[in-house]
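# A closer look at the structure
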Amino acid sequence: MFDEAEAQRALEDNFAPWVLALRPRVVAVGTGRAELRIPITPELARVGGIVSGQALAALADTSMVIATAAHFGALRPVATTNLDTQFLRPGSGDSVLCRAEVVRAGKALVFARAVLIAEPAGKDIATATATFFVP
């Protein structure tokens, strides 16, 4: 069963060190969905304490990959072929929660979407969609 603990292990064992430097934590997984959280730290913030767009895009992509793994029941190699991120408002606070889900999974392509939420304000700060190739 692909639960939160297995998802966290898959994340730590398979993702690049710079992604892990964001300190992502898997907080929930279910069939075709995942929720990950990163703390907003000085290393991720730009002027004014606002979390950088690069960190948000990386969190969205990573969360959607974990949602894809939850769909398959295990982490499988996928390649991001498209990542589209819309930044809605500046992100600040303690952390960012990303809720990701698989929209459709075919034999070779998986389509996913994500919403990124600033905590504790609870405001959406970005949305993203991605397409993954499954070799």
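Keep in mind that this is a model prediction, so the values were computed, not measured. (Residues numbered from 1 in each chain as written. Predicted model: local features only at pLDDT ≥ 70, side-chain atom pairs only at ≥ 80, totals over all residues. Heavy atoms only, no water.)

## Focus on the side chain of Glu-119
Looking at where Glu-119 falls in the secondary structure, it is placed in strand 7 (residues 109–119). Here Glu-119 falls in the buried class, since its relative accessible area comes to 18%. Side chain to side chain, Glu-119 and Ser-95 meet in a polar contact 2.7 Å long. The contact partners of Glu-119, leaving out residues within four places of it in the chain, are Arg-37, Ser-92, Gly-93, Asp-94, Ser-95 and Leu-97. (Helix = DSSP H or I, 4+ residues; strand = E, 2+ residues; numbered from the N terminus. Buried < 20%, exposed > 50% of the residue type's maximum accessible area, 1.4 Å probe, protein only. Polar contact = N/O pair within 3.5 Å; in protein donor to acceptor, adjacent residues only side chain to side chain. Contact = heavy atoms within 4.5 Å.)

## Some words on the packing of aromatic side chains
Enumeration over the complete set of coordinates arrives at zero aromatic pairs. The positively charged end of Arg-76 is found above the aromatic ring belonging to Phe-72, 4.2 Å away from the centroid. (Phe/Tyr/Trp six-rings, centres within 6.5 Å; stacked < 30°, edge-to-face > 60°. Lys NZ or Arg CZ within 6 Å of the ring centre and 35° of its normal.)

## Section: the pairing of strand 8 (residues 123–133)
In this sheet, strand 8 lies alongside strand 5 (residues 79–87) in antiparallel orientation, the contact comprising eight bridges. Directly across from Thr-85, in strand 8, lies its bridge partner Ala-128. One ladder, built from 10 bridges, connects strand 7 with strand 8; its direction is antiparallel. Among the inter-strand pairings, Ala-112 is bridged to a residue of strand 8, identified as Ala-130. Hairpin connection between strand 7 and strand 8: a loop of three residues separates the two successive antiparallel strands, and Gly-122 in this loop has a positive phi of roughly 75°. (Pairing = 2+ DSSP bridges.)

Everything listed here is a matter of geometry and, on its own, says nothing about what the molecule does.
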